[in-house]
Amino acid sequence: MAGAVLTLAACSKSNNASMGSSGGSHASVTVKAANVSGVGTVLVNGNGRTLYILTSEAGGKITCTDASGCTKVWPDTELPSGMSTGIAGSGIQASQFSTVRSSDGSLYLTYAGYPLYTYSGDNASGTANGQNITSFGGTWEAMNPNGSPVTGAAAKTSSNSTGSGGY
(Lines give C-alpha, C1' and ligand atoms only; values in the text may rest on other atoms or scores of the structure.)
Protein backbone atom coordinates (compact mmCIF):
# COMPACT_ATOMS: atom_id res chain seq x y z
CA MET A 1 0.00 0.00 0.00
CA ALA A 2 2.90 2.37 0.68
CA GLY A 3 3.95 1.90 -2.94
CA ALA A 4 0.61 3.28 -4.08
CA VAL A 5 1.13 6.45 -2.08
CA LEU A 6 4.66 6.83 -3.41
CA THR A 7 3.48 6.24 -6.96
CA LEU A 8 0.75 8.83 -6.59
CA ALA A 9 3.11 11.34 -5.02
CA ALA A 10 5.81 10.80 -7.63
CA CYS A 11 3.44 11.20 -10.55
CA SER A 12 1.01 13.81 -9.33
CA LYS A 13 3.00 16.77 -10.64
CA SER A 14 3.04 15.60 -14.26
CA ASN A 15 -0.55 14.31 -14.20
CA ASN A 16 -1.98 17.44 -12.64
CA ALA A 17 -0.29 19.60 -15.22
CA SER A 18 -1.86 17.66 -18.09
CA MET A 19 -5.35 17.07 -16.73
CA GLY A 20 -6.68 20.59 -16.27
CA SER A 21 -9.30 21.39 -13.66
CA SER A 22 -11.99 18.98 -14.85
CA GLY A 23 -9.89 15.94 -15.71
CA GLY A 24 -10.34 16.57 -19.42
CA SER A 25 -9.33 13.64 -21.60
CA HIS A 26 -8.28 11.58 -18.56
CA ALA A 27 -11.84 10.96 -17.34
CA SER A 28 -11.55 7.22 -17.98
CA VAL A 29 -8.55 6.97 -15.60
CA THR A 30 -9.97 9.25 -12.92
CA VAL A 31 -11.43 7.36 -9.96
CA LYS A 32 -13.84 8.97 -7.51
CA ALA A 33 -16.72 7.98 -5.25
CA ALA A 34 -20.38 8.52 -6.17
CA ASN A 35 -23.78 7.25 -5.09
CA VAL A 36 -25.13 4.78 -7.64
CA SER A 37 -28.73 3.59 -7.35
CA GLY A 38 -28.99 0.01 -6.14
CA VAL A 39 -25.40 -0.30 -4.90
CA GLY A 40 -24.74 2.81 -2.77
CA THR A 41 -21.53 4.83 -2.73
CA VAL A 42 -19.05 3.13 -5.03
CA LEU A 43 -16.12 3.89 -7.29
CA VAL A 44 -16.86 5.53 -10.62
CA ASN A 45 -14.65 6.96 -13.33
CA GLY A 46 -14.53 10.62 -14.35
CA ASN A 47 -17.50 10.04 -16.67
CA GLY A 48 -19.61 8.71 -13.79
CA ARG A 49 -19.45 5.10 -15.03
CA THR A 50 -19.47 2.46 -12.29
CA LEU A 51 -16.15 0.67 -11.83
CA TYR A 52 -16.19 -3.06 -11.15
CA ILE A 53 -13.76 -5.69 -9.92
CA LEU A 54 -13.64 -9.37 -10.84
CA THR A 55 -13.50 -11.36 -7.60
CA SER A 56 -11.00 -13.86 -9.03
CA GLU A 57 -8.46 -11.08 -9.66
CA ALA A 58 -7.55 -10.38 -6.01
CA GLY A 59 -3.99 -9.19 -5.57
CA GLY A 60 -3.79 -7.62 -9.02
CA LYS A 61 -3.93 -10.88 -10.99
CA ILE A 62 -5.21 -9.93 -14.46
CA THR A 63 -7.34 -12.67 -16.03
CA CYS A 64 -9.82 -10.48 -17.97
CA THR A 65 -7.95 -9.99 -21.24
CA ASP A 66 -8.46 -9.03 -24.86
CA ALA A 67 -7.53 -12.58 -25.87
CA SER A 68 -10.36 -14.12 -23.82
CA GLY A 69 -12.90 -11.62 -25.15
CA CYS A 70 -13.49 -10.39 -21.62
CA THR A 71 -12.51 -6.77 -22.28
CA LYS A 72 -15.16 -6.50 -25.00
CA VAL A 73 -17.80 -6.90 -22.29
CA TRP A 74 -15.77 -5.46 -19.39
CA PRO A 75 -13.52 -2.67 -20.75
CA ASP A 76 -10.36 -2.34 -18.70
CA THR A 77 -8.81 0.82 -17.26
CA GLU A 78 -5.50 0.81 -19.09
CA LEU A 79 -3.46 3.96 -18.61
CA PRO A 80 -2.67 5.93 -21.76
CA SER A 81 0.94 6.02 -22.92
CA GLY A 82 2.93 8.49 -20.84
CA MET A 83 0.83 8.11 -17.68
CA SER A 84 2.15 6.04 -14.78
CA THR A 85 -0.79 6.45 -12.42
CA GLY A 86 -4.47 7.26 -12.49
CA ILE A 87 -6.06 10.40 -11.09
CA ALA A 88 -7.42 10.17 -7.55
CA GLY A 89 -10.73 12.01 -7.39
CA SER A 90 -12.91 12.95 -4.45
CA GLY A 91 -14.01 10.39 -1.91
CA ILE A 92 -11.44 7.67 -2.51
CA GLN A 93 -8.58 6.52 -0.31
CA ALA A 94 -5.27 7.22 -2.04
CA SER A 95 -3.67 4.35 -0.11
CA GLN A 96 -6.04 1.90 -1.88
CA PHE A 97 -5.43 3.34 -5.38
CA SER A 98 -2.57 1.94 -7.47
CA THR A 99 -1.66 0.20 -10.73
CA VAL A 100 -0.69 -3.27 -11.87
CA ARG A 101 1.47 -4.13 -14.88
CA SER A 102 0.26 -6.81 -17.29
CA SER A 103 2.54 -9.37 -18.93
CA ASP A 104 2.83 -7.10 -22.00
CA GLY A 105 3.96 -4.15 -19.88
CA SER A 106 0.72 -2.14 -19.94
CA LEU A 107 -0.43 -0.41 -16.73
CA TYR A 108 -3.96 -0.81 -15.36
CA LEU A 109 -5.70 0.91 -12.46
CA THR A 110 -6.34 -1.05 -9.28
CA TYR A 111 -8.16 -0.36 -6.03
CA ALA A 112 -7.55 -2.47 -2.93
CA GLY A 113 -5.45 -4.75 -5.13
CA TYR A 114 -8.16 -5.42 -7.75
CA PRO A 115 -7.92 -4.27 -11.39
CA LEU A 116 -10.84 -1.97 -12.31
CA TYR A 117 -13.26 -2.31 -15.24
CA THR A 118 -16.38 -0.67 -16.62
CA TYR A 119 -19.31 -2.69 -18.00
CA SER A 120 -20.52 -2.45 -21.60
CA GLY A 121 -24.11 -2.91 -20.38
CA ASP A 122 -24.04 0.31 -18.35
CA ASN A 123 -25.46 2.68 -20.94
CA ALA A 124 -25.36 5.79 -18.71
CA SER A 125 -23.57 7.18 -15.70
CA GLY A 126 -25.09 6.23 -12.38
CA THR A 127 -26.04 2.69 -13.43
CA ALA A 128 -24.71 -0.63 -12.14
CA ASN A 129 -26.13 -3.24 -14.50
CA GLY A 130 -22.99 -5.33 -14.13
CA GLN A 131 -23.40 -5.86 -10.40
CA ASN A 132 -23.14 -9.52 -9.33
CA ILE A 133 -22.81 -10.94 -12.84
CA THR A 134 -20.87 -14.19 -12.77
CA SER A 135 -18.68 -14.60 -15.85
CA PHE A 136 -15.06 -14.95 -16.93
CA GLY A 137 -14.09 -16.98 -13.85
CA GLY A 138 -15.54 -14.84 -11.08
CA THR A 139 -18.23 -12.44 -9.95
CA TRP A 140 -18.28 -8.78 -10.99
CA GLU A 141 -18.92 -6.35 -8.15
CA ALA A 142 -18.77 -2.62 -7.64
CA MET A 143 -16.22 -1.44 -5.05
CA ASN A 144 -16.86 0.70 -1.96
CA PRO A 145 -14.42 3.59 -1.37
CA ASN A 146 -13.19 1.71 1.74
CA GLY A 147 -11.84 -1.04 -0.55
CA SER A 148 -14.56 -3.65 -0.01
CA PRO A 149 -16.50 -5.18 -2.89
CA VAL A 150 -20.24 -4.48 -2.74
CA THR A 151 -22.07 -7.71 -1.98
CA GLY A 152 -25.74 -8.32 -1.40
CA ALA A 153 -26.92 -5.76 -3.95
CA ALA A 154 -29.54 -6.89 -6.45
CA ALA A 155 -28.06 -9.71 -8.50
CA LYS A 156 -28.05 -9.39 -12.26
CA THR A 157 -28.14 -12.25 -14.70
CA SER A 158 -26.68 -12.32 -18.15
CA SER A 159 -29.04 -11.53 -21.00
CA ASN A 160 -26.51 -12.99 -23.45
CA SER A 161 -27.31 -16.66 -23.80
CA THR A 162 -24.62 -17.48 -26.37
CA GLY A 163 -22.13 -18.45 -23.70
CA SER A 164 -19.26 -17.15 -25.83
CA GLY A 165 -16.18 -15.97 -23.99
CA GLY A 166 -17.54 -17.21 -20.68
CA TYR A 167 -20.31 -14.67 -20.67
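The structure we're discussing is the one just above.
Every chain is numbered independently, its residues counted from 1 as its sequence is written. Given that this is a predicted model, residues contribute local features only at a pLDDT of at least 70 and side-chain atom pairs are listed and counted only at 80 or more, while totals for whole chains, interfaces and linings are drawn from all residues. Hydrogens and waters are ignored; side-chain quantities use all the structure's heavy atoms.

Q: Can you break down the nonpolar core residue by residue, with the values?
A: The definition of a nonpolar core used throughout is a set of buried Ala, Val, Leu, Ile, Met, Phe, Trp, Tyr and Cys residues joined through side-chain atoms within 4.5 Å. The buried label applies to any residue whose accessible area, calculated with a 1.4 Å probe on protein chains only, is under 20% of its type's maximum; exposed applies above 50%, and partly exposed to all values in between. In this structure, V42, C64, W74 and W140 are the most contacted members of the largest nonpolar core, which totals 18 residues. Those elements giving two or more residues to this core turn out to be β2 (40-45), β3 (52-54), α2 (70-73) and β9 (138-142). Secondary structure elements are taken from DSSP: a helix is a run of H or I of four residues or more, a strand is a run of E of two residues or more, and numbering for both begins at the N terminus.

Q: I'd love a proper account of the sheet that holds strand β8 (residues 133-135), names of residues and values included.
A: Taking strand neighbours across the sheet as the criterion, the 3 strands line up as β3-β9-β8 in an open arrangement whose pairing is antiparallel. Only two strands of the sheet have a single partner each, and these edge strands are β3 and β8. Strand-to-strand twist in this sheet, taken as the mean axis angle between neighbours without regard to direction, amounts to 30°. Two elements, β3 and β9, share 3 bridges in a ladder whose sense is antiparallel. From the neighbouring strand, I53 faces β9, where its bridge partner is E141. DSSP bridges decide pairing: two strands pair if at least two such bridges lie between them. Between N-to-C directions, angles cover 0 to 180 degrees, with each direction set by a line fitted to C-alpha atoms, over the stretch in contact for helices.

Q: How would you sum up the side chain of E141? Please name residues and give values.
A: In this fold, E141 is placed in strand β9. Under the relative-accessibility criterion, E141 is labelled buried at 9%. Filtering out sequence-adjacent residues up to four positions away, E141 remains in contact with L51, Y52, I53, T55, Q131, N132, P149, V150 and T151. Working rule for contacts: check all heavy atoms of both residues, and any pair within 4.5 Å makes them a contact.

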